[in-house]
Amino acid sequence: GWMNRLIYGDNLLTMQALLAGDPATGLPSMRGKVDLIYIDPPFDSKADYRTKITLPGADIQQKPTVIEQFAYADTWEEGTVSYLRMMYPRLVLMRELLSDRGSIYVHIDWHVGHYVKILMDEIFGKDNFKNEIIWAYSRWANVSSAFQRMHDNIFYYGRSSNSIFHEQRIKLSESRKRNLVQMIDGIKVSMRDENGNVVYRQQEDKPVSDFWDDTDCWDDLYQVGKTGHERIGYATQKPEALLERIIKASSNEGDLVCDFFGGSGTTAA
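Residues numbered from 1 in each chain as written. Predicted model: local features only at pLDDT ≥ 70, side-chain atom pairs only at ≥ 80, totals over all residues. Heavy atoms only, no water.

## With respect to helix α2 (residues 80-97)
Piece 1. Over its 18 residues, α2 extends 26 Å from the first C-alpha to the last, a length consistent with the 26 Å expected when each residue adds 1.5 Å.
Piece 2. Those residues of α2 that sit buried are Ser82, Tyr83, Leu84, Met86, Met87, Arg90, Leu91, Leu93, Met94 and Leu97.
Piece 3. Buried residues along α2 sit in contact with α1 (11-20), β1 (34-39), β4 (98-108) and α3 (113-124). (Helix = DSSP H or I, 4+ residues; strand = E, 2+ residues; numbered from the N terminus. Expected span 1.5 Å × (residues − 1). Buried < 20%, exposed > 50% of the residue type's maximum accessible area, 1.4 Å probe, protein only. Contact = heavy atoms within 4.5 Å.)

Right, dumping it as structure tokens:
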């Protein structure tokens, strides 16, 4: 009965409790039991975030029917140093929770992405780094003194070289004629039939790269629109299609998946 839980509280204490387990309630230790972790932590953006709450039973005569509630503060007493002090012990606990087949995806952006990458290399090991995924999106551009910032970074690490991975493929807008190749004496050459003609096949899809955007036929990976059916009023909400791809790529049916920052609940959804 401990599965499929939404836990409210400090994730540091929660992860410590999951590692320790609780025989009194039948909760076993989760050390080495988690197969996939996705986190979308604060980005050290120096901003406060609020979310909209719809009042139950409200009608058009009552105002307001929707109120804003404080969600979290992404401000840090000593700046980036305080932020990294918050992240480091939490990432260490996540490593202890991951199974040998497990993976972790850390969703971040330009504010502290390069610093978090260094922490990840130290905690999970450079050899276990799999990808830096670029999630590019479109939004209304503002006047800027620099190039528009239109992407997030997702750092993907395995707990070991044995981590689960299922190749994800996307359909091409139209099929392509592609020649088949083979290796001969260490050199890649085109395959030929008995008459010496190059052998082709029609390609209907292709593997997903580490750059995810709408030009890859993945317009469902857009940021959640202001009027989209998934929108719940949470400023940093991520689309379900983004998490669906990660979950399908790095876990199997029945595996244990954890999101230790929760956000708007997209992983759980």
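Moving on from the coordinates now.
## Observations regarding the sheet that holds strand β5 (residues 129-136)
Piece 1. With mixed pairing, the six strands of this open sheet are ordered in space as β11-β5-β6-β4-β1-β12. Looking at strand neighbours, the two that pair on one side only are β11 (211-212) and β12 (257-258), the edges of this open sheet.
Piece 2. With respect to the sheet, α3 is in contact with β4, β5 and β6 (151-158), its orientation differing from that of β4 by roughly 170°. (Pairing = 2+ DSSP bridges. Axes fitted to C-alpha atoms, helices over the stretch in contact; angles between N-to-C directions.)

## Quick notes on the environment of Glu204
Piece 1. Mapped onto the fold, Glu204 is located in strand β10 (residues 200-207).
Piece 2. Once the C-alpha coordinates of Glu204 and Arg169 are considered, the two residues, 35 residues apart in sequence, prove to be 9.9 Å apart.
Piece 3. When neighbours within four sequence positions are excluded, Glu204 is seen to be in contact with Lys171, Leu172 and Ser175.

## Considerations on the packing of α1 against α2
Piece 1. With their axes 10 Å apart at the nearest point, α1 and α2 run at an angle of 25° to one another. Between α1 and α2, the angle falls in the class roughly parallel. Relative to α2, α1 is oriented so that their crossing is left-handed. Contact with α1, carried on its side by Asn11, Leu12, Met15, Gln16, Leu18 and Leu19, involves Pro89, Arg90, Leu93, Met94, Glu96 and Leu97 of α2 and no other residues of that element.
Piece 2. Among the residues making up the contact of α1 with α2, the classes are represented as eight nonpolar, two polar and two charged. (Parallel < 35°, antiparallel > 145°, perpendicular 65-115°, else oblique. Left-handed = near helix turned anticlockwise from the far one by under 90°. Nonpolar A, V, L, I, M, F, W, Y, C, P; charged D, E, K, R; others polar.)

## So, the nonpolar core
Piece 1. Ile37, Leu91, Ile104 and Phe260 are the most contacted members of the largest nonpolar core, which totals 31 residues.
Piece 2. Residue assignment for this core shows that the elements contributing at least two residues are α1, β1, α2, β4, α3 and β6.
Piece 3. With eight residues, α2 is the largest single contributor of residues to this core.
Piece 4. Beyond its immediate chain neighbours, meaning those up to four positions away, Phe260 contacts Asn11, Met15, Leu18, Ile37, Tyr38, Ile39, Met94 and Leu97. (Core = buried A, V, L, I, M, F, W, Y, C linked by side-chain atoms within 4.5 Å.)

## What about the pairing of strand β8 (residues 181-184)?
Piece 1. As defined by bridge partners, β8 adjoins strand β9 (residues 187-190) across four bridges and the pair is classed as antiparallel. Residue pairing across strands places Met183 opposite Lys188, the latter belonging to β9.
Piece 2. Taking the residues between adjacent antiparallel strands as the criterion, β8 and β9 are bridged by two residues, where Asp185 takes a positive phi near 55°.

## So, the side chain of Asp152
Piece 1. By the element assignment, Asp152 lies in strand β6.
Piece 2. Lacking a salt bridge, the buried Asp152 has Lys238 as its closest oppositely charged neighbour, with an N-O distance of 4.8 Å.
Piece 3. At 2.9 Å, the side chain of Asp152 forms a polar contact with the side chain of His107.
Piece 4. Other than its neighbours up to four places away in sequence, Asp152 contacts Phe43, His107, Ile108, Asp109, Ile133, Ile134, Trp135, Tyr137 and Lys238. (Lys, Arg positive; Asp, Glu negative; His and termini not counted. Salt bridge = Lys/Arg side-chain N within 4 Å of Asp/Glu carboxyl O. Polar contact = N/O pair within 3.5 Å; in protein donor to acceptor, adjacent residues only side chain to side chain.)

## Some words on the pairing of β4
Two faces belong to every sheet, and in a regular strand the side chains alternate between them.
Piece 1. Of all eleven residues in β4, nine are buried, a share of seventy percent or more.
Piece 2. Bridging between β1 and β4 involves five bridges; their strand directions are parallel. Residue pairing in the sheet places Tyr38 in a bridge with Tyr105 of β4.
Piece 3. Here β4 runs beside β6; their pairing, made up of six bridges, is antiparallel. In the sheet register, Ile104 faces β6, and the bridge partner there is Tyr157.

Note that all results are geometric; they support no functional claim without further evidence.
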